[in-house]
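Close look at the chain arrangement
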Amino acid sequence: MDIYLLRHGETNSNKDNKFYGSLDTPLNDIGKSQIINIRPHLSKVKFDVVYSSTLQRAKESVALLGEDIYEKNIADKRLDELSFGKFEGLSYNEILSRYPKEAIKWEKDWKGYTPPKGESYIDFYNRVRECFKEILKTEADNVLVATHMGVIKSIFCYVLGEDLDLFWKLTAHNGKYSVIKYEYNNLFIDCINKGDI
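Computed from a predicted structure; not experimentally measured.

Remarks on the overall build of the chain
Summing up its helical and strand segments, the chain has eight helices and six strands in all. Starting at the N terminus and ending at the C terminus, the chain contains elements arranged as β-α-α-β-α-α-β-α-α-α-β-α-β-β. For a compact globule of 197 residues, the expected C-alpha radius of gyration is about 16 Å, and the chain comes in at 16 Å, within 12% of that figure. Seen along its three principal axes, the alpha-carbon backbone of the chain occupies a region of about 50 × 40 × 25 Å. Buried positions account for 53% of the 197 residues belonging to the chain. Taking contacts inside the chain between residues at least 6 apart in sequence as the whole, the part at least 24 apart equals 68%. On the chain, roughly 9700 Å² of surface is accessible, and the fraction owed to carbon and sulfur atoms is 48%.

What to know about the nonpolar core
If you look at the biggest cluster of nonpolar residues, it comprises 38 residues, and the most contacted ones within it are I3, F132, V143 and I180. Ignoring anything within four residues of it in the chain, the contact list for I3 reads F132, I135, L136, V143, V145, S178, V179 and I180.

Some points on the packing of helix 7 (residues 121-136) against helix 8 (residues 149-159)
Relative to each other, helix 7 and helix 8 sit at 70°, their axes nearing to 9 Å. In terms of orientation, helix 7 lies roughly perpendicular with respect to helix 8. Contacts from Y121, F124, Y125, V128, R129, F132, K133 and L136 of helix 7 reach helix 8 at G150, V151, S154, I155, C157, Y158 and V159. Partitioning the contact of helix 7 with helix 8 into residue classes produces eleven nonpolar, two polar and two charged.

Considerations on the side chain of S120
Secondary-structure assignment places S120 in the loop between helix 6 (100-108) and helix 7. By relative accessible area, S120 is classed as buried at 4%. Side-chain polar atoms of S120 contact the backbone nitrogen of D123, separated by 3.1 Å. Setting aside anything within four residues of it in sequence, one finds S120 in contact with L82, K111, G112, Y113 and T114.

Re unusual backbone geometry
Of note, the phi angle at Y184 is positive, near 50°, even though the residue is not glycine. Locating Y184 in the fold gives a position in the loop between strand 5 (177-183) and strand 6 (186-194). Accessibility expressed as a relative area gives 81% for Y184, which makes it exposed. Phi is positive for N193, close to 55°, though the residue is something other than glycine. Mapped onto the fold, N193 is located in strand 6.

Notes on the state of the cysteines
Summed over all chains, the structure comprises zero disulfides. C157 forms no disulfide, and the closest cysteine sulfur to it belongs to C131, at a distance of 16 Å.

Here is what the cut-offs are and how they apply
Residues numbered from 1 in each chain as written. Predicted model: local features only at pLDDT ≥ 70, side-chain atom pairs only at ≥ 80, totals over all residues. Heavy atoms only, no water. Helix = DSSP H or I, 4+ residues; strand = E, 2+ residues; numbered from the N terminus. Rg over C-alpha atoms; globule rule 2.2 N^0.38 Å. Buried < 20%, exposed > 50% of the residue type's maximum accessible area, 1.4 Å probe, protein only. Contact = heavy atoms within 4.5 Å. Areas by Shrake-Rupley, 256 points an atom, 1.4 Å probe, with all protein chains shown as cover. Core = buried A, V, L, I, M, F, W, Y, C linked by side-chain atoms within 4.5 Å. Axes fitted to C-alpha atoms, helices over the stretch in contact; angles between N-to-C directions. Parallel < 35°, antiparallel > 145°, perpendicular 65-115°, else oblique. Nonpolar A, V, L, I, M, F, W, Y, C, P; charged D, E, K, R; others polar. Polar contact = N/O pair within 3.5 Å; in protein donor to acceptor, adjacent residues only side chain to side chain. Disulfide = S-S within 2.5 Å.

In structure tokens, the structure reads:
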């Protein structure tokens, strides 16, 4: 099985360096172009099943890949980005200014701390892992997952032995895809951040 992990195209919140996990932000014009540019790469693959987060920017990215891909899409809330709660819509400096005590706790325990009205990274990781393990049970040769940077980086951590500290050593660019291979009960990363911008 080949699992293609596509990060949605750019949004204005990406451009403005805002934390916006569960905010339902649409693609901007650059983001739409990124997905249109990646379409020739992904159209060569016959996807048996397609999953996306429930957020607009991910579903819109799938729609821009074409009707044949979009009609297979299953939106799953477990593939939504981490919820930053009251930190959402703010830059890091704005979080430091408005929530200084909470920001310090978050820095000291980035995995376990839960932002006000948000979710901890560990809770987020656990829901992503649960979803990914279910995807691995799918009877399919090629699977597309259109989702978010935090989700993709968490899947990388899972593949690399569930070492969550590797979250900061890998990335996923807007409008690019990575491939995880699942062969003989073995998972490995085949490529990261492929495709044109």
